[in-house]
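Below are the chains, spelled out letter by letter.
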Amino acid sequence: MKRTSPLLLAALVASLATIPACFPPVTSAGGPPDSGPPPEPGTDLPGVGSASAPTADAVIGRIRNTLIGVDPLAGNFAKAIAQVKPNLPQMTNPVQATGLDQIPLLVYAACTDAKLASYNVPTTGTVSANSAALVGAGMTMLDAALAGLASQGSSNGYFQAALLALVSTLAADKSTTQTMTTSFIAVCMASTTAAVSMVGY
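Below or above, wherever it landed, is the structure these notes cover. (Residues numbered from 1 in each chain as written. Predicted model: local features only at pLDDT ≥ 70, side-chain atom pairs only at ≥ 80, totals over all residues. Heavy atoms only, no water.)

**What to know about the overall build of the chain**
Of regular secondary structure, the chain possesses eight helices and zero strands. Secondary structure of the chain in N-to-C order comes out as α-α-α-α-α-α-α-α. Across the 201 residues in the chain, those meeting the buried criterion constitute 32%. Long-range contacts, defined here as pairs at least 24 residues apart, represent 68% of the contacts in the chain between residues at least 6 apart. A total accessible area of about 11900 Å² is found for the chain, and carbon and sulfur atoms account for 63% of it. (Helix = DSSP H or I, 4+ residues; strand = E, 2+ residues; numbered from the N terminus. Buried < 20%, exposed > 50% of the residue type's maximum accessible area, 1.4 Å probe, protein only. Contact = heavy atoms within 4.5 Å. Areas by Shrake-Rupley, 256 points an atom, 1.4 Å probe, with all protein chains shown as cover.)

Pasting the structure below:
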């Protein structure tokens, strides 16, 4: 007679124990428990904001707060807002919110308005020679959006490594000539889009 492994039995018992957790408890009436009506569109979901998507105004405000000297009433940013704002999320419910894919378009316009000098990034020279300045600019943007947690938090090394990998890729790109301006815009887009697109704050 073949014996069943104790590990296999333990795995089977553990998987059977999790099955009841997949089904809601039944009330005495035989249906799911009363949890009240579903939330109205545009209202916060349970979780104290941890499950909220940014609305159009929140996205615009986050970009404005992230980028030095970018004005939502002037330049490419203002033009993009006029075109893209109706497509951005209008409600905070992440299940029903649509338009998060429009955020990079708005960020690109804002990044073209940002000045390299505001981030101590030179306008001349090679990308590889100025990689530290580009990574520093990206970290400054992330810090502005995340209340300083990018450079002071436990994820500091991850943020810097991601930005350094992006800058290294830009420096190694031989198919197109990357200028300091185009490289700055790429770093700006990566940092700002990541920070602005986050849900729950």
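**Considering unusual backbone geometry**
Although it is not a glycine, N120 sits at a positive phi angle of roughly 55°. Note on N120: relative accessible area 68%, which makes it exposed. Its identity as a non-glycine residue notwithstanding, A147 has a phi of 55°, on the positive side. Position of A147 among the secondary structure elements: in the loop between α5 (131-145) and α6 (149-152). Residue A147 is classed as exposed on the basis of its relative accessible area of 70%.

**Re the packing of helix α4 (residues 103-113) against helix α8 (residues 180-196)**
Two elements in contact, α4 and α8, have axes separated by 9 Å at closest approach and are oriented at 135°. Here α8 runs oblique to α4, going by the angle between their axes. Seen along the crossing, α4 lies across α8 with a hand that is right-handed. Here α4 contributes I103, P104, V107, Y108, C111 and T112 to the contact with α8, which in turn contributes F184, I185, C188, M189, T192, T193 and V196. Within the contact of α4 with α8, the residues separate by chemical class into 10 nonpolar, three polar and no charged. (Axes fitted to C-alpha atoms, helices over the stretch in contact; angles between N-to-C directions. Parallel < 35°, antiparallel > 145°, perpendicular 65-115°, else oblique. Left-handed = near helix turned anticlockwise from the far one by under 90°. Nonpolar A, V, L, I, M, F, W, Y, C, P; charged D, E, K, R; others polar.)

Note that all results are geometric; they support no functional claim without further evidence.
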